[in-house]
Amino acid sequence: MVEERGPSAGELIGLLADPGGFHCWDEPVAHPGADDGYTASLAKAAARTSLDEAVTTGRALVDGVPVALIASEFGFLGGSIGVATAERITRAVERATAERLPVLALPVSGGTRMQEGSAAFLCMVRVTAAVQAHQAAGLPYLTYLRNPTMGGVFASWGTLGHVVAAEPGARLGFLGPRVYEELRGVRLPPGVQRSETLAARGLVDAVLPPEELRGHLLRVLSVLGAAPVPQPQPPSGPPAGDTADAWESVRRTRRTDRPGARELLDAAADEYVLLGAPGGEGGALVRALAVFGGSPAVVVGQQRGGDRPFTAADLRAVRRTARTAQQLGLPLVTVVDTAGAELSVQAELDGIAVEIAHCLSTLTALRTPVLAVLLGQGSGGGALALLPADRVIAAEHAWLAPLPPEGASAIVHRDGEHAADLARTQGIGAYDLAAVGLVDEVVAEFPDAADEPVPFGARVGRAVALALGSLLALPVEQRLAARAARNRRLGDRRADARPEG
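## Comments concerning the sheet that holds strand β14 (residues 370-378)
Line of reasoning, step 1. Taken in spatial order, the seven strands line up as β10-β11-β12-β13-β14-β15-β16 in an open sheet, and their pairing is mixed. This sheet does not close on itself; its edge strands, each paired only once, are β10 (271-275) and β16 (441-443). Sheet twist, expressed as the average angle between the axes of neighbouring strands with direction ignored, equals 20°.
Line of reasoning, step 2. With six bridges connecting them, strand β13 (residues 332-338) and β14 associate as parallel partners. If you follow L332 over to β14, its bridge partner there is V370.

Right, dumping it as structure tokens:
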């Protein structure tokens, strides 16, 4: 079966750029050492595509916004990457870095060029180094994977985007199906290398047709380009003496109509761009670029109500999101609301405990501000993995415990009948957590977030905006020192742990 091809490089640039708004950066290329057969193939490809290589680059205006474009052309030797192709890509990324331009890479490729062997293959390191330097400069690097994007291109600059979008039905993968069958003796199962499959697993952030790419790009750049608005100082903490019955809080957070991370974005964010399908296969994770009170941020949260638990793959996605925040120089906002991490043989084999440890390490060391929102249930290591932060905001009935109260009762009393008593004595409620240094602000529920989801979400949004404004106003080293001191004191009663002076 012949797969349908999307637009050519030129057609895609025409869909994206304003009329007359594309300025090509390409310089003439040479292929020294090419034999007669390869030279003839290059000439035929050039005649067929009116291009001198498998990629074209340049500066485009997209609704007046300057963007560097790197567009592959499948009609030129299957979009394969040779040394000259890689050099053109590298120079374009380096120029975009020097001119402080966001990059939109538009790969379509069968991989590296076999006629040039290892030299071409190794150039993926060259391109990746340029992309890493671009990201280290705090500049957006976005990718749109077209059909097909394979091999070294998929395994390097094609998938390094802060946001990775893909064409519907695109074949995306490391090893081509013909090579797989030749090497393994069996056919690759259908659907494994499709964009929709990868999106369901959190490896692709959006699947959209070429006609929608321009709008998607503008929404992403609008969020990333939002200017932080000065905010007054946030409240110093929850009023002394406030309390909520812990077992009642547990019951309230288990209401199926209680708002989750996605509903919080709807009510709290000025604007946002969702990354990936909400929660992928079953609803365990939400990732987004969002603006709160004028401050852009990267959001990752656990979405209640999904039909699968919080997995090792989810935790890896949390770490990927944290790295994106650091590369973009944006705060990370985590939303905690989980009945717990996956408990299964497969979870053990997937290294879920190791992934929890890596999440704790990543968030603790992140140089950008980290703000955690304890929204509802906070059960076990799955919740703890998202809680290391400079500041924590909690809903009034949110809670955090090593196990659900029923599980704790089974350990202590060998039955689940004492769950309510243990919930009240373990100090799991929001105000209890404030007393031991975890929670900095409690957002009231009147009387329950499920009964007033939009006003409640708006209150949380204001608290997030205030906290982000305060954190962004601090010099980096001062904020990191305060984070270290905070972490050192966690678990101690504030009256005993408060430093002297």
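## A short note on the side chain of T321
Line of reasoning, step 1. Positionally, T321 belongs in helix α11 (residues 312-328).
Line of reasoning, step 2. T321 sits in the buried class, given a relative accessible area of 1%.
Line of reasoning, step 3. Not counting residues up to four positions away in its chain, the partners in contact with T321 are R287, V298, V299, V300 and L332.

## Notes on the sheet that holds strand β5 (residues 141-145)
Line of reasoning, step 1. Reading across the sheet, the seven strands line up as β1-β2-β3-β4-β5-β7-β9 and stay open at both edges, with mixed pairing between neighbours. Either end of the sheet is taken by a strand with one partner, and the two such strands are β1 (22-24) and β9 (206-207).
Line of reasoning, step 2. With four bridges joining them, strand β3 (residues 65-72) and strand β4 (residues 103-106) adopt parallel strand pairing. If you follow L69 over to β4, its bridge partner there is L104.

## Description of the packing of helix α10 (residues 261-268) against helix α18 (residues 453-473)
Line of reasoning, step 1. Two elements in contact, α10 and α18, have axes separated by 8 Å at closest approach and are oriented at 75°. Comparing the axis directions of α10 and α18 gives the class roughly perpendicular. Taken together, the residues of α18 that come into contact with α10 (itself represented by L264, A267 and A268) are P453, V454, G457, A458, V460 and G461.
Line of reasoning, step 2. Within the contact of α10 with α18, the residues separate by chemical class into seven nonpolar, two polar and no charged.

## Description of the nonpolar core
Line of reasoning, step 1. In this structure, L104, F292 and L332 are the most contacted members of the largest nonpolar core, which totals 97 residues.
Line of reasoning, step 2. Beyond its immediate stretch of four places on either side in the chain, F292 contacts L265, A268, A269, D270, A297, V299, V333, V464, A465 and L468.
Line of reasoning, step 3. Of all hydrophobic cores here, the second largest spans 21 residues; its members include W25, I70, L101 and A130.

Definitions and cut-offs
- Residues numbered from 1 in each chain as written.
- Predicted model: local features only at pLDDT ≥ 70, side-chain atom pairs only at ≥ 80, totals over all residues.
- Heavy atoms only, no water.
- Pairing = 2+ DSSP bridges.
- Helix = DSSP H or I, 4+ residues; strand = E, 2+ residues; numbered from the N terminus.
- Axes fitted to C-alpha atoms, helices over the stretch in contact; angles between N-to-C directions.
- Buried < 20%, exposed > 50% of the residue type's maximum accessible area, 1.4 Å probe, protein only.
- Contact = heavy atoms within 4.5 Å.
- Parallel < 35°, antiparallel > 145°, perpendicular 65-115°, else oblique.
- Nonpolar A, V, L, I, M, F, W, Y, C, P; charged D, E, K, R; others polar.
- Core = buried A, V, L, I, M, F, W, Y, C linked by side-chain atoms within 4.5 Å.

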